[in-house]
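Residues per chain, in single letters:
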Amino acid sequence: MKRKNIKTLGIAFMAAVAFTSCSDQFLQDKKNYDSASADSYNYYSGALARVADIYMWCLPDATAEPSWKYNSTGLADLQSKSTEEYSGFGAFVDPDAEMTYQSGNNPVPDYFQGQTGNIQQMVWGRIRNCNDVIAGIEGSTLSQEEKNELLGQVYFFRAWCYYNLVKWYGGVPIIKEVQDIVAESVVPRSSTKDCIEFICDDLNTSATLLAPFTENGGWPATEFGRVTSGTALALLGRVRLLYASPLFNRKNDIERWKKAYEDIGNSISRLNACGYGLLYENNPGVNASGWASMFSQVQDNTEAVFVTLYNTNTSSSQADFSKNNTWEHGIRPSTALGGGGKTPSAMLVDMFPMADGKRPKSCTTYTMIEESTHSGEKDYPFMNRDPRFYRTFAFPGVRWAFSGDPRSEKSRNPYNGTEYELWNYVWYTSAADRDNSESGNTYGADNLLSNAKGFYIRKRSDDLDVNGSPRYVFDASNGFRYSASPYMEIRYAEVLLNYAEAACGAGHMDVAVKQLQKIRARVGYTSTNNYGLQSNLTSDQQACMAAILYERQIELAYEGKRFDDLRRWMLFDGGTERVDGAPDSWTLTGWNGNTCNYLGFTPLNGQRRDNLEFRVQNTYNNGLGGKSWAIDDDNDPDPLKDYKQMRPDAMDLKIDLSEQQNELKTFYETYLVRKEKKGDAYNTDLSVKYMHFYPKYYLLGLYQGAQSANPALLQTIGWGDYMNGGANGTFDPLAE
């Protein structure tokens, strides 16, 4: 193997940091992807530059909203706001705004096309770019070894592009070659089955080509971030699982589950050969500190199967390429000089497992899962919870350290970063606001004031207490904006969860449970109580599948995966609502005709997400206080200002929580009370509104611009056909 080639590739990638476009002259100022000459592929540096361009256009981005180019990564975007993770009606669950195919009429998101006429800003331009690179490298004079090394990566990304189409639309046009830009080049939609096999063929090809380079421990450390044969096989497992799920498998054809089970099972040893595995599997640390630290770890991060890298550069020049992950800045409170924080919904906070691994008593969904013996979780949500709870959320009375000092002569920010405590309890300035769940006139302690959030998302934080060498550069002007924490699109934990789901679907519940045990052992559960898992999971397929989906929701929270799971399992209505014009083959006959009933899951349709906060009890100045605290004003607006000495030490996750949580509970009992806050919108008469996911959203229709650009495209059943005067679409994504 020519190690010099890998070395050269590593230098190019590291210079580009996150695999941005190359700096070779032949790619400068290109108007389209055809500007790369055929001869450029005969030079390893030229071919390498084109592969770098593929990375730049195809890698996920933790800072971007979902679009034709990017998938959801956990931000409060329209997909995540259609799940339990965030409140506020995302477009997919807004009961008053049914989406249509029409421009200007609440149009469906366009994940199919992009900017018509701009090949660099559209789905099919990205696929064309992949096809161009494949053809250029295959037809070049490079050695076969060099070709394989580069082609394996490009085949992966072509499959990645197609996966992000098929999960939304089912069958789409399959284009394997660079087409001439003429009218005759239009291609109709293929069947979903053919698309799935095409994607899997590309991924198997990628894995075969990359195996000699990566299945001896992975790429060299300088190449961390490049896709491997293991990356390809992990995505292959995700694709097989998609096709076996109720969304595309209405009859519950067990052969699809068996294929997913076989492929994922065979992939595990090969992923291990690439160096992947559960990071800190044998060293969970204190309160899941190992689990928490992996989100800011780069080198030796065995969890990162498919990852996007970032840096702390502040310049956007080519010589000093800037690619920053702004997640840390977004989740940090204003008194830490962060972006102000992100608010989780109370629904998800209340759903998290208890310390015994069981469902909270107040949680009325996932009824196949046993209730916990612990109680009181709603009024004191930090009491006796799954270790991941404390790493996913932040609340009044918890330590959240960082490297930096947000204090200044012009602010009353009370804590140096190394000692930062979050005391985000709130008060109001009037009784009317205090008693109104819709009021936003909230003021928080310790100078949070109007910037306070009732609860904060903490997941994926670069916490100083778990990472002593932060990946951000903190300063007073920019807070945490310049962060180099990676974003993991596929974690090894997801591979195991995919394996568990496929195993359960194929009837191998014993194998499924073993994967859940591994996931839970990594965060501190032990065999003493079977890792918090109930005893019937190896014999009861329904309970086992419910436990798997519950575990996915907790383990992968705020990583952009939940909406896909809700769609795959049709959990908005259980798959019972009929799409207009759909044939009988669309009727869900597997899973007893209702996936929600099958799983003991309460359908999301008809529910709403609200938020929560802990306000000062009426005993203390009627729960009322001031709204400002000028630097030259000694009058603290906090109604508990005379009781601050009664605060316990903030909960420190570096040590055991048993006594700490009891002390904090006493403080809450004495001074605070839980208040539900409006999350999802109300009607104009202040009556509540509820989520409604229309059944046609499970399989998206084409936005009118896509049909206009390609008249050969048939519209999906249930959606208006732009090429046929708005009549119902005729393309059946479930037909084989």
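Residues numbered from 1 in each chain as written. Predicted model: local features only at pLDDT ≥ 70, side-chain atom pairs only at ≥ 80, totals over all residues. Heavy atoms only, no water.

### What about the overall build of the protein?
In step 1: A count of helices and strands for the protein gives 19 helices and 14 strands.
In step 2: Along the three orthogonal principal directions, the C-alpha set of the protein runs to about 80 × 60 × 55 Å.
In step 3: Counting all 736 residues of the protein, 63% fall into the buried class.
In step 4: Taken as a whole, the protein presents about 25800 Å² of accessible surface, with 46% of it coming from carbon and sulfur.
In step 5: Averaging the positions of the 73 positive and the 90 negative side-chain charges in the protein gives two centres separated by 1 Å. (Helix = DSSP H or I, 4+ residues; strand = E, 2+ residues; numbered from the N terminus. Buried < 20%, exposed > 50% of the residue type's maximum accessible area, 1.4 Å probe, protein only. Areas by Shrake-Rupley, 256 points an atom, 1.4 Å probe, with all protein chains shown as cover. Lys, Arg positive; Asp, Glu negative; His and termini not counted. Charge placed at Lys NZ, Arg CZ, Asp CG, Glu CD.)

### A short note on a negative patch on the surface
In step 1: A cluster of acidic residues, Asp 649, Asp 656, Glu 659 and Glu 663, forms a negative patch at the surface.
In step 2: Examined against the element boundaries, Asp 649 turns out to sit in the loop between β11 (611-616) and α18 (658-671).
In step 3: Judged by relative accessible area, Asp 649 falls into the exposed class, the value being 66%. (Patch = residues over 30% accessible without salt bridge, like charges linked within 9 Å, V, L, I, M, F, W, Y side chains within 5 Å. Salt bridge = Lys/Arg side-chain N within 4 Å of Asp/Glu carboxyl O.)

### Digging into the environment of Trp 160
In step 1: Note that Trp 160 resides in helix α4 (residues 144-169).
In step 2: Accessibility expressed as a relative area gives 1% for Trp 160, which makes it buried.
In step 3: Between the C-alpha atoms of Trp 160 and Ser 658, which are 498 residues apart in sequence, the distance is 45 Å.

### Thoughts on the packing of α4 against helix α6 (residues 229-244)
In step 1: It is the contact of α4 with α6, at a shortest axis distance of 11 Å, that shows an interaxial angle of 20°. Judged on the interaxial angle alone, α6 and α4 are roughly parallel. In this structure, α4 meets α6 at a crossing whose hand is left-handed. Contacts from Phe 156, Trp 160, Tyr 163 and Lys 167 of α4 reach α6 at Thr 231, Ala 232, Leu 235, Arg 238, Val 239 and Leu 242. (Axes fitted to C-alpha atoms, helices over the stretch in contact; angles between N-to-C directions. Parallel < 35°, antiparallel > 145°, perpendicular 65-115°, else oblique. Left-handed = near helix turned anticlockwise from the far one by under 90°. Contact = heavy atoms within 4.5 Å.)

### Observations concerning α18
In step 1: Taking 1.5 Å of rise per residue, 14 residues should cover 20 Å, and α18 covers 21 Å from first to last C-alpha, within 8% of that figure.
In step 2: Along α18, the residues classified as buried are Gln 660, Gln 661, Leu 664, Phe 667, Tyr 668 and Tyr 671. In an axial view of α18, the angular spread of the buried residues amounts to 115°, which keeps them on one side of the axis.
In step 3: For α18, the secondary structure elements touched by its buried residues are α11 (387-392), β11 and β12 (672-677). (Expected span 1.5 Å × (residues − 1). Arc of directions from axis to C-beta.)

### Details of the nonpolar core
One recurring pattern in soluble globular proteins: nonpolar side chains tend to sit buried together.
In step 1: Counting 215 residues, the largest nonpolar core has Trp 124, Phe 157 and Phe 395 as the members making the most contacts within it.
In step 2: Of the residues forming this core, the biggest block, 15 residues, is contributed by α4.
In step 3: Other than its neighbours up to four places away in sequence, Phe 395 contacts Phe 382, Phe 389, Tyr 390, Leu 422, Asn 424, Phe 455, Met 651, Leu 664 and Tyr 668. (Core = buried A, V, L, I, M, F, W, Y, C linked by side-chain atoms within 4.5 Å.)

### Some details on the packing of helix α7 (residues 254-273) against helix α13 (residues 492-505)
In step 1: Contact pair α7 / α13: the axes reach a minimum separation of 8 Å and the direction vectors enclose 145°. Crossing of α7 over α13 shows left-handed handedness. Between α7 and α13, the contacting residues are Ile 254, Trp 257, Ala 260, Tyr 261, Ile 264, Gly 265, Ile 268, Leu 271 and Asn 272 on the first element and Tyr 492, Val 495, Leu 496, Asn 498, Tyr 499, Glu 501, Ala 502, Ala 503 and Gly 505 on the second.

### Section: the confidence of the model for the protein
In step 1: Per-residue confidence for the protein gives a mean pLDDT of 93; residues scoring 70 or more make up 94%.
In step 2: Across residues 1-34, confidence stays below pLDDT 50; counting only partners more than four residues off in sequence or on other chains, it has 93 contacts. (pLDDT = per-residue confidence, 0-100.)

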